Amino acid sequence: MVEFRTLREEEFGQWLEHCTYVFTQKNNMTHAEMYSYFNRHIQNDPWKSFDNIFVAVERGVILSTLKYIDRDVLINGELIKAGGIAEVS
């Protein structure tokens, strides 16, 4: 049975490998370059939270993922809440 939930901290390595595999197939980057990209993307994010990474998991294997990005942006001098999605597979 497929379980839909947020990523657990101990699954971070598996999530990195999942994203690396999926997106290496679509880009002209090596496995190492793509792995480094996703790792930096998370590690350098001051607002990172595993609660914002949603996964579909079956028998301990990540099948799909979506990351929600919550940000405050400055537009015309006004701070506005914004959001986006990333790492959709």
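Here the structure is shown first, and the text comes after it.
A quick note: this is a predicted structure, and the numbers were derived from the prediction, not measured. Once a new chain begins, its residue numbering starts again from 1 and follows that chain's sequence as written. The predicted nature of this model means local features are confined to residues of pLDDT at least 70 and side-chain atom pairs, given and counted, to a pLDDT of 80 or more, with totals for whole chains, interfaces and linings taken over all residues. Neither water nor hydrogens contribute to the side-chain values; these are computed over all heavy atoms in the structure.

Draft legend 1. Quick peek at the sheet that holds strand S2 (residues 53-58). If you walk across this open sheet you meet the 4 strands as S1-S2-S3-S4, and the pairing is antiparallel. The strands lining the two open edges of the sheet, one partner per strand, are strand S1 (3-6) and strand S4 (78-86). Across the sheet, the mean angle separating the axes of adjacent strands is 15° when strand polarity is ignored. For two strands to be treated as a pair, DSSP must find no fewer than two bridges joining them. Only runs of H or I of at least four residues qualify as helices and only runs of E of at least two qualify as strands under DSSP, and these elements are numbered from the N terminus. For S2 and strand S3 (residues 61-75), the ladder comprises 6 bridges, and the chain directions are antiparallel. Following the sheet pairing, Glu58 is matched in S3 by Val61. Only the stretch in contact is used when a helix axis is fitted, and all axes are lines through C-alpha atoms; the angle between N-to-C directions ranges over 0 to 180 degrees.

Draft legend 2. Quick peek at the side chain of Glu87. Position of Glu87 relative to the elements: it lies in the segment after S4. Polar contact criterion, stated in full: a pair of N or O atoms within 3.5 Å, where within protein one must be able to donate a hydrogen and the other to accept it, and residues adjacent in sequence count only if both atoms are side-chain atoms. Within polar-contact distance, the side chain of Glu87 engages the side chain of His41 at 3.2 Å. Whether two residues are in contact is decided by their heavy atoms, any of which lying within 4.5 Å being enough. For Glu87, the residues in contact, after removing those within four places along its chain, are Trp15, Cys19, Phe23, Phe38, His41, Thr65, Leu66 and Lys67.

Draft legend 3. Layout of helix H1 (residues 12-24). A helix is expected to reach a length of 1.5 Å times the quantity of its residues less one. With 13 residues, H1 should reach 18 Å at 1.5 Å per residue; the first-to-last C-alpha distance of 18 Å fits that figure. Categorising residues by exposure relies on relative accessible area from a 1.4 Å probe, with only protein chains included: less than 20% of the type maximum marks a residue as buried, more than 50% marks it as exposed, and the intermediate range marks it as partly exposed. Those residues of H1 that sit buried are Phe12, Trp15, Leu16, His18, Cys19, Thr20, Phe23 and Thr24. Where H1 is buried, its residues contact helix H2 (31-43), S2 and S3.

Draft legend 4. Geometry of the nonpolar core. In this structure, Leu7, Trp15, Phe38, Ile53, Val55 and Ile62 are the most contacted members of the largest nonpolar core, which totals 13 residues. Examining the composition of this core, we find that 5 residues originate from one element, H1, more than from any other. Think of a nonpolar core as a cluster: buried Ala, Val, Leu, Ile, Met, Phe, Trp, Tyr and Cys residues, connected wherever their side-chain atoms sit within 4.5 Å.

Draft legend 5. Expanded view of the pattern of salt bridges. Should a side-chain nitrogen of Lys or Arg be within 4 Å of a carboxyl oxygen of Asp or Glu, the pair is scored as a salt bridge. Tallied over the entire structure, the rule returns 7 salt bridges. In this structure, the salt-bridge partner of Glu3 is Arg8, at a minimum N-O distance of 3.6 Å. On the accessibility criterion, Glu3 (35% relative accessible area) is partly exposed. Residue classification places Arg8 among the partly exposed positions, given a relative accessible area of 39%. Ionic contacts of the salt-bridge type, sharing partners, join the residues Glu3, Arg5, Arg8 and Glu11 into one network.

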